[in-house]
Amino acid sequence: RAGEAVPAAQKSSWTSFMKSLAGFTGDLSAMTAPPFILSPTSLTEFPAYWCERPELFAAIADGKTEQTRALAVLKWFISTLKGQYTSRNESMGSEKKPLNPVLGELFYGYWPANEARGGKTTLVVEQVSHHPPITAYRIENIAKGVILTGHNAQKTSFSGGSIIVKQVGHAVLTVSLPSGQTEEYLITLPRLRIDGLWYGSPYIELAEMSYIQSSTGWLSTIEYKGKGYFSGKSHTFKATLTPPPHGSSEPTVIEGTWHTNSKDVHTGAVFHDVTSPKEEVTVAPIEEQSEWESRKLWFGVAKGIREGDFETAATFKGKIENDQRQKRCDEATANKTWGLKHFQYIESDPVYEHLGKLFKANPPTEDAYVYLNNGPPS
Ligand code: CLR
């Protein structure tokens, strides 16, 4: 039934939120939504989803051939999807509206070293734009030589009762090989459809295609389908790893559901399996964080949301917003602009331009944020 999951007192507020979605394009994060759908987590925390199976990230470096490394990248990528796109449903009952990060907001974390993953894996996230929201991130396992750099933004629209989210941005994974050579992988991101809005219990389905293009020529094409398409099951995907042109190897085809497991279609062997627990990122206690770090910055707001005290949440949120307005105003007066801390903007990413050509990426060029190598000491 319509609004089934909406608390009685928020039904009319949810209805007007839904109405304002119709015909909407642009920045969803800035829209006011009823309290029941608010999450206490800032979008700057989301890049941590890339590494909640740190051993799969590290294992990319252990592949002995170009083909096995390309497969390891695909396996790691597919294994992140469950966390990226279903974890709010698991922890909070439905997809929620994350906190909209402020310009300059930071999120630092790490996954400790152990035998299986060879080294500590570190995470640096910076909100590099507020309007539109853009988040840049860097994940490194230096001992293994595996590094991920990326940024993301979203373009949203509303269609057929669902929110359609086009992910803008890309990621580049680099592996430094013992030979001294470096392999690069350009990773593009799938389109999201947010369904279940009518009932007040939104969830994500992935759609269309995403790609992982290696500098070695190996290309993964991943096709996403939901309920009622080729398998009829939600969260279905089919990935094809194709060899470089003129090579003699055969393509590998993987099929399954990204939130559970998948198989190699030809051999029947299990490819990925995410039914075991993942490992959340470790973050410094709030008392040790700076004013710019996400959990410290949003502490009052997050506490209010968690405890159902929305008045307190709104008061703290208002404080953060006023503070931001004042900062922008001061900058204008001083004729200065906000400086980024860990990243530098470039108009065209040479890796995207170069590797994107190989699979006719659309658009043909994209901007990027280059990491300045100045994260917290590890
Ligand atoms: C951010 C980048 C991550 C993957 C990811 C997962 C969930 C997405 C999020 C991204 C962007 C913001 C998002 C969110 C789901 C809902 C939320 C689209 C792509 C929007 C802004 C809020 C919708 C509000 C309804 C739930 C009411 O790697």
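Just so it is clear, the model here is predicted, and its values are computed rather than measured.

A word on the overall build of the chain
1) Next: Assigned secondary structure in the chain consists of seven helices and 19 strands.
2) Next: For the chain, buried positions account for 50% of its 378 residues.
3) Next: For the chain, the exposed area adds up to about 18,100 Å²; of that, 53% sits on carbon and sulfur atoms.
4) Next: Side-chain charges in the chain split into 38 positive and 41 negative, and the spacing between the mean points of these groups amounts to 4 Å.

Here's the deal with helix 3 (residues 66-92)
1) Next: Over its 27 residues, helix 3 extends 40 Å from the first C-alpha to the last, a length consistent with the 39 Å expected when each residue adds 1.5 Å.
2) Next: The sharpest bend along helix 3 reaches about 60 degrees and sits at threonine 86.
3) Next: Positive backbone phi, approximately 90 degrees, marks glycine 93, located one or two places after helix 3.

A word on the site of the ligand
1) Next: In the vicinity of the ligand there are 18 residues, among which Leu28, Gln84, Arg88, Asn152 and Gln167 approach most closely.
2) Next: Within the side chain of glutamine 84, a nitrogen or oxygen atom sits 2.6 Å from an oxygen atom of the ligand.
3) Next: Isolated, the ligand exposes 610 Å² of accessible area, and the fraction of that covered by the protein chains is 97%.
4) Next: Broken down by secondary-structure element, the contributors of at least two residues to the shell around the ligand are helix 3, strand 7 (146-159) and strand 8 (162-168).
5) Next: With three residues, helix 3 is the largest single contributor of residues to the shell around the ligand.
6) Next: Per-class residue counts for the shell around the ligand are 11 nonpolar, four polar and three charged.

So, the pairing of strand 17 (residues 270-273)
1) Next: As paired elements, strand 16 (residues 261-264) and strand 17 share two bridges and run antiparallel to each other. Across the sheet, the residue bridging to asparagine 261 is aspartate 273, located in strand 17.
2) Next: Counting the residues in the hairpin turn of strand 16 and strand 17 gives five residues, including glycine 268, whose phi is positive at 80 degrees.

What to know about the packing of aromatic side chains
Describing an aromatic ring pair means giving the distance of the ring centres and the angle of the ring planes.
1) Next: This model, assessed by the stated rule, comprises 12 aromatic pairs.
2) Next: Centre to centre, the rings of phenylalanine 343 and tyrosine 371 are 5.5 Å apart; their planes meet at 50 degrees, and the pair counts as tilted. Highlighted residues: phenylalanine 343 in strand 18 (residues 343-346) and tyrosine 371 in strand 19 (residues 368-371), separated in sequence by 28 residues. Both residues of the pair, phenylalanine 343 and tyrosine 371, count as buried.
3) Next: Grouped by ring-pair contacts, the aromatic residues Trp50, Phe57, Trp76, Phe77 and Tyr137 constitute a single cluster.
4) Next: Looking at lysine 120, its charged tip hangs above the ring of tyrosine 110, at a distance of 4.4 Å from the centre.

Basis of the calculations
- Residues numbered from 1 in each chain as written.
- Predicted model: local features only at pLDDT ≥ 70, side-chain atom pairs only at ≥ 80, totals over all residues.
- Heavy atoms only, no water.
- Helix = DSSP H or I, 4+ residues; strand = E, 2+ residues; numbered from the N terminus.
- Buried < 20%, exposed > 50% of the residue type's maximum accessible area, 1.4 Å probe, protein only.
- Areas by Shrake-Rupley, 256 points an atom, 1.4 Å probe, with all protein chains shown as cover.
- Lys, Arg positive; Asp, Glu negative; His and termini not counted.
- Charge placed at Lys NZ, Arg CZ, Asp CG, Glu CD.
- Expected span 1.5 Å × (residues − 1).
- Bend = angle between axes of the 7 residues up to and from the residue.
- Near = heavy atom within 4 Å.
- Polar contact = N/O pair within 3.5 Å; in protein donor to acceptor, adjacent residues only side chain to side chain.
- Nonpolar A, V, L, I, M, F, W, Y, C, P; charged D, E, K, R; others polar.
- Pairing = 2+ DSSP bridges.
- Phe/Tyr/Trp six-rings, centres within 6.5 Å; stacked < 30°, edge-to-face > 60°.
- Lys NZ or Arg CZ within 6 Å of the ring centre and 35° of its normal.

Keep in mind these numbers describe shape, not what the thing actually does.
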